[in-house]
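Listed below, chain by chain, are the residues.
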Amino acid sequence: TPNTAYEIASCLVGSEMCIRDSGKWIFWNTKRLHLMRNLLTNGNPVQHRSSGTSLSPLLKSDDICYIYPINHGDEIEIGDIVFCSVQSGDRLYVHLVWNKYTEADYYGVDHEVYIIGNNKSGPASRLNGWCYRYHIYGKLTKAESESSII
């Protein structure tokens, strides 16, 4: 089983559909997302190919996404596309920030709360959950498709 970035990347060469069709797509996608989180947490930018249509037309399946780590002073705004761990359940997504507000925790400490969702139609289908700032590991800075740069 591959464990390094190079080994995982070499397994993902070729059509991603082959991985999905083989029944191993969930396993490899989970490995890829955890690798991305580790790289961003350690200050490294990541590049990955998007999959799915949840952010269309902002991002399309197979767009090349450039995600840079979040630094202490970086602003995260409504409308940003971020790589984060959505609560509850610690699910990793590249999705939109739909809303943000400040909320005190059990100990009275204020935290910025971010509402994370996709870009599907209808308000109920857009929201995936919430996260604190420390659950946001990176922000999309650029995306490229075969025909243009977004």
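Every chain's residues receive numbers from 1 upward, in the order its sequence appears when written. Note on the predicted model: pLDDT of at least 70 is required for a residue's local features to be given, and 80 or more for side-chain atom pairs to be given and counted; whole-chain, interface and lining totals, by contrast, use all residues. As a convention, hydrogens and water are excluded, and side-chain values are obtained from all of the structure's heavy atoms.

**Student:** Got a sec to walk through the nonpolar core? Specific residues and values, please.
**Tutor:** Nonpolar cores were defined as sets of buried Ala, Val, Leu, Ile, Met, Phe, Trp, Tyr and Cys residues, with membership established by side-chain atoms within 4.5 Å. Three labels apply to residues, based on accessible area from a 1.4 Å probe with only protein chains included: buried if under 20% of the type maximum, exposed if over 50%, partly exposed otherwise in between. The biggest cluster of nonpolar side chains holds 16 residues, and the ones touching the most others in it are Met36, Leu59, Ile67, Ile81 and Phe83. Helix and strand assignments follow DSSP, with helices taken as H or I runs no shorter than four residues and strands as E runs no shorter than two, numbered in order from the N terminus. Of all the secondary-structure elements, those providing two or more residues to this core are α3 (25-41), β2 (64-69), β3 (81-86), β4 (91-104) and β7 (136-144). Once residues lying within four places of it in the same chain are set aside, the contact partners of isoleucine 67 are Met36, Leu40, Pro45, Val46, His48, Phe83, Val94, Gly138, Lys139 and Leu140. Listed in part, the ten residues of the second largest apolar core include Ile76, Val97, Cys131 and Ile136. Only heavy atoms matter for contacts: two residues are in contact if any of them lie within 4.5 Å across the pair.

**Student:** Describe the state of the cysteines, and please don't skip the residues or the numbers.
**Tutor:** Among covalent bonds in proteins, the disulfide is the one between the sulfur atoms of two cysteines. Count a disulfide wherever a pair of cysteine sulfur atoms falls within 2.5 Å. Within this structure, the stated rule accounts for zero disulfides. Cysteine 131 supplies the cysteine sulfur nearest to cysteine 84, a cysteine that is in no disulfide, at a spacing of 4.3 Å.

**Student:** Quick one: what's the story with the confidence of the model for the chain, residue by residue and with numbers?
**Tutor:** What pLDDT reports is the predictor's confidence in each residue, on a scale of 0 through 100. For the chain, the average pLDDT comes to 81, and 77% of its residues sit at 70 or higher. Below pLDDT 50 for its whole length, residues 1-20 participates in 27 contacts with residues either more than four positions away or in separate chains.

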